[in-house]
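Each chain, written out:
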Amino acid sequence: MAGCHRLVLLLPLFLALAAAAAPGQGQGHDREASAVFIDAASHRYLRDQPADDQEASMSLNEVSAAISVLLGFAPPTSLPALSSSQLNKVLLPNPFDRPRAVFLVQIAGSDASADSFVSEASSTLKTRIEGANNAATGLTDKDELIIIHSDESLDHTGSDLLDSELSSLANWLEGSYQKSSGKLVIPLESGNSLTLLLHKEADLEFVSSLASLLKTTERAIQAHEDFSGVISPAELSVCHFTGIKALQDEYASTEIVKQGTEIVRRAVTKAFQSLDGAYKGKIVGLLMSTKESPSFLGSIIEAPSSLHISRRLEEASQTNGLLADEHATYQGHPSVFKCQD
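Description of the structure in this document. Quantities reported herein were computed from a predicted structural model and do not represent experimental measurements. (Residues numbered from 1 in each chain as written. Predicted model: local features only at pLDDT ≥ 70, side-chain atom pairs only at ≥ 80, totals over all residues. Heavy atoms only, no water.)

## A few points about the sheet that holds strand β8 (residues 183-187)
Threshold: DSSP calls a pair of strands paired once it identifies at least 2 bridges connecting them. Here a strand is any run of E in DSSP of at least two residues, a helix any run of H or I of at least four, and the numbering for each starts at the N terminus. Each axis is a line fitted through C-alpha atoms, taken for helices only over the stretch in contact, and angles between the N-to-C directions span 0 to 180 degrees. By definition, residues are in contact when any of their heavy atoms lie within 4.5 Å.
Strands sit in the order β7-β8-β9 across an open sheet of three strands; the sheet is antiparallel. Of all the strands in the sheet, the pair left with one neighbour each is β7 (176-178) and β9 (193-197). Recorded for the sheet is a direction-independent mean angle of 20° between the axes of neighbouring strands. The pairing of β7 with β8 spans three bridges and is antiparallel. The residue bridging Tyr 177 from the neighbouring strand is Leu 184, located in β8. On top of the sheet, helix α5 (residues 201-227) reaches β8 and β9; it is set at about 110° to β9, its chief contact.

## Focus: the environment of Asp 97
The condition is simple: Relative accessibility under 20% of the residue-type maximum defines a buried residue, over 50% an exposed one, and the middle range a partly exposed one, all with a 1.4 Å probe and only protein chains included.
For Asp 97, the location among the structural elements is in the loop between α3 (81-90) and β4 (101-108). Residue class for Asp 97 comes out partly exposed when judged on its relative accessible area of 26%. Between the C-alpha atoms of Asp 97 and Arg 44, which are 53 residues apart in sequence, the distance is 9.6 Å. Excluding its chain neighbours within four sequence positions, the residues that come into contact with Asp 97 are His 43 and Tyr 45.

## Looking at the pattern of salt bridges
Short version of the rule: The salt bridge criterion pairs a side-chain nitrogen of Lys or Arg with a carboxyl oxygen of Asp or Glu, the two atoms within 4 Å.
Enumeration over the complete set of coordinates arrives at seven salt bridges. A salt bridge links Asp 48 to Arg 44; the nearest nitrogen and oxygen atoms lie 2.8 Å apart. Taking relative accessible area as the criterion, Asp 48 reaches 57% and is therefore assigned exposed. With a closest N to O distance of 2.9 Å, Lys 245 and Asp 249 form a salt bridge. Pair noted here: Lys 245 and Asp 249 are both in helix α6 (residues 243-251), with a separation of four residues, about one helical turn. Salt bridges here are not isolated pairs; linked through shared partners, they connect Asp 39, Arg 44 and Asp 48.

So far we have only geometry, and geometry alone does not tell us how the molecule works.
Here's what the structure looks like:
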């Protein structure tokens, strides 16, 4: 089935946010993280950036609650009144007009702030994240939520498939893939190009992260189209991006890291523009950047055993052919399925 995607239903969102902002336990140093909310081009869901944006900050719980509200759910009942007031500074006060779709990109291990990866032309609201306690969203396994998640690995099972992925990525970024030399060449705003050598581990990890971003975008659009006209669950698309850390570890603070940041900014811009068009403006982006690289970045797809597919969502999926035997196989738990090509 074309546009194959992995859907995780009714997953506790705090896993995703903790992965973005919290390092491993037992570390006593200050945690540094920042976030940028990106508004749709044709539909506003966020307030304007405060004039004193240098002082703007949110706790991880507040960021998590903001996502819950954007998805159309109530914030946690345990959210303090001060935090509720903070949400009112971020979100426009119309409870009947929420996008019910969020595109979350988590960049780990980067020294750059989140706004470095977002185009200045975008309508954004940026903030620091202070406090990395576990974030409870208030979501339950009764809420109808789809999470689209892609891993960062390129498919090495067949050289033809790998070449196809790299060619698609190069075309998306207006560059070129040179199969014979194993090079991915991506043009820069300066007129120069960044040449990534796929035999080098750091370069390959960076390319894999870019490929993951493209896959997540494509699968989110496909899932949105699959459920369109059948049922309208909330939709959260999540992409973990560690490629910048790989470049930083390998090349330190050299020009190549700056060039990589520029390319990520372009990729994020293109991804959100595609999603904005497919969702007809009913989506908000969120990019989070942290200096740490937690080991549990992938834990968002490890659904607890208490999760289940809601009956209405399952019946709608079957009606639309998403759970038909010839198109889907369950993997490990009934709340996780993967469409086959």
